[in-house]
Amino acid sequence: MALHFELVTPERLVRSEDVYMVVVPGSEGDFGVLEGHMAAMSTIRSDAELAIYASAGAAPEMLKITGGFAEVNEKGLTVLAEAAG
Amino acid sequence: MASLKALKIRINSVKSTQKITKAMKMVAAAKLRRAQDAAEASRPYAERLEKVVSSIASKVERSPQAPKLLAGTGKDDVHLFVVCTSDKGLAGAFNTNIVRLARRSAEELKAAGKTVKFYTVGRKGRDQLNRTFRNDMVHGVEPGDLGKIGFDKVQEWAADLTARFEVGEFDVAHLFFSKFVSVLTQEPTQLQLMPVAVAADGSGSAGASAAVEYEPDEEEILADLLPRNVAVQLLRAQRENAASEQGSKMTAMDNATRNAGDMINRLTIQYNRTRQAAITTELVEIIAGAEAL
């Protein structure tokens, strides 16, 4: 049970790993993505933080990202950000 | 025949030139590796963005309110050529090849009665195009070291270009840069930048994304994505150019080093011959003198 998560910036592929859940700061509200989430596309609020949960119940890892776009499809979650970290 | 001293000076001068070209070759080789890594690292973003843009674009296209960046201005009278070159020379035919491709396309379009304008990135491209298209230059930027260009800088250019497009300064924009194939081959490439060239509706993606939830709606996402796509394409062009420039420079400097080596050999032979001739002359003089006594 894992969600494949990728974080990509124009400079490089920042993350590509399997995680439990990611909370994405969408421009119309935060949403959590677990495995099997329906296909979705959303823009991301500027200067917001991604919360990455490596496993259920674990403390989230916060990652600051600037401007971007999140896509969920059957393969997992892909976040395209202009800058990360 | 040149004097011994002149030859000696000449040999030394070619030797120091060879040292410089050899050093430049090694610098280019080191920079090439970094530039190549950077070019590869920026590929995933560009690829994914392209996929997303074309999958949304294939759906929105039918609506009459489609963004200008996608639908275009409805004309193709004025073409803008964004020609990306570098600021420095000494890289073989790197800059010339890009300019040549741009010039050829420009002449074709002009023959078809279109207007062509130039927006140059890099000093070399601007200088070369200035010779033939002095009155068509719109703007030129100097990027400095190609390997150190960040996304923020490219975004400035993209914003400038998008603004010019929105006010109708041109109808179609083409991007010219050199694609890095290998150290020995760099391919000058032309790419349509604006409006976005959408690949024919991929039937596979349309089926898979039928039930996608958009937040906010497609149009707003697209309005956000399209300017970003311009910036990403520009960044990709810069990265490819950076790698190509170093590759081209490495080859050029390698040739220069070899040529210098050949020249040193030739001059050394000439030097030795001249020296031998001088010795022979001296001997003949001594013998002649001794026989006269």
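Values in this document were obtained by computation on a predicted structure and should not be read as measured data. (Residues numbered from 1 in each chain as written. Chains lettered and ligands numbered in written order. Predicted model: local features only at pLDDT ≥ 70, side-chain atom pairs only at ≥ 80, totals over all residues. Heavy atoms only, no water.)

## Observations regarding helix α1 (residues 4-41) of chain B
Applicable threshold: Strands are runs of DSSP state E lasting at least 2 residues, helices are runs of H or I lasting at least 4, and numbering of each runs from the N terminus. Each helix should span, by expectation, one fewer than its residue count multiplied by 1.5 Å. For every residue, the accessible area (1.4 Å probe, protein chains only) is compared with the maximum for its type, and the residue is labelled buried under 20%, exposed over 50%, or partly exposed between those bounds.
Here α1 of chain B is 38 residues long and its end C-alpha atoms lie 56 Å apart, about the 56 Å a rise of 1.5 Å per residue gives. Listed as buried for α1 of chain B are Leu7, Ile11, Val14, Gln18, Thr21, Ala28, Leu32, Ala35 and Ala39 of chain B.

## Description of the sheet that holds strand β1 (residues 78-84) of chain B
All names here are of chain B. The test is simple: Any two strands are treated as partners once DSSP identifies two or more bridges connecting them. Angles run from 0 to 180 degrees between N-to-C directions of axes, and those axes are lines fitted to C-alpha atoms, restricted for helices to the stretch in contact. Contacts are assigned to residue pairs that have any heavy atoms within 4.5 Å of one another.
An order of β3-β2-β1-β4-β5 is seen for the five strands of this open sheet, with the pairing classed as mixed. Pairing within the sheet leaves two strands with one partner each, and these edge strands are β3 (137-141) and β5 (186-194). Strand-to-strand twist across the sheet, computed as the mean angle between neighbouring axes with direction ignored, equals 20°. Relative to β5, strand β4 (residues 172-180) is paired through eight bridges, and the arrangement is antiparallel. Residue pairing across strands places Phe180 opposite Gln186, the latter belonging to β5. Contacts between helix α5 (residues 123-132) and the sheet are confined to β1, β2 (115-121) and β3, with β2 contributing the most and set at about 150° to the helix.

## Regarding unusual backbone geometry
Here Met194 of chain B and Pro195 of chain B are connected by a cis peptide whose omega angle stands at -15°. Turning to its location among the elements, Pro195 of chain B is positioned in the loop between β5 and α7 (203-208). Residue Asp47 of chain A is not a glycine yet carries a positive backbone phi of 55°. The residue Asp47 of chain A is located in the loop between β5 (40-44) and β6 (48-53) in this model. Note on Asp47 of chain A: relative accessible area 51%, which makes it exposed. Phi at Leu90 of chain B is positive, roughly 55°, even though this residue is not glycine.

## Let's talk about helix α6 (residues 151-166) of chain B
Residue and element names in this part refer to chain B. Going by this rule: Regarding the arc, it is the one traced by the directions from the helix axis to the C-beta atoms.
The end-to-end C-alpha distance of α6, which contains 16 residues, comes to 22 Å, matching closely the 22 Å that a straight helix rising 1.5 Å per residue would cover. Listed in full, the buried residues belonging to α6 are Phe151, Val154, Trp157, Ala158, Leu161, Thr162, Arg164 and Phe165. Around the axis of α6, the buried residues are gathered within 160° of arc, so they sit on the same side. Structural note: α6 exposes Asp152 and Glu156 on the side pointing more than 90 degrees away from its buried face.

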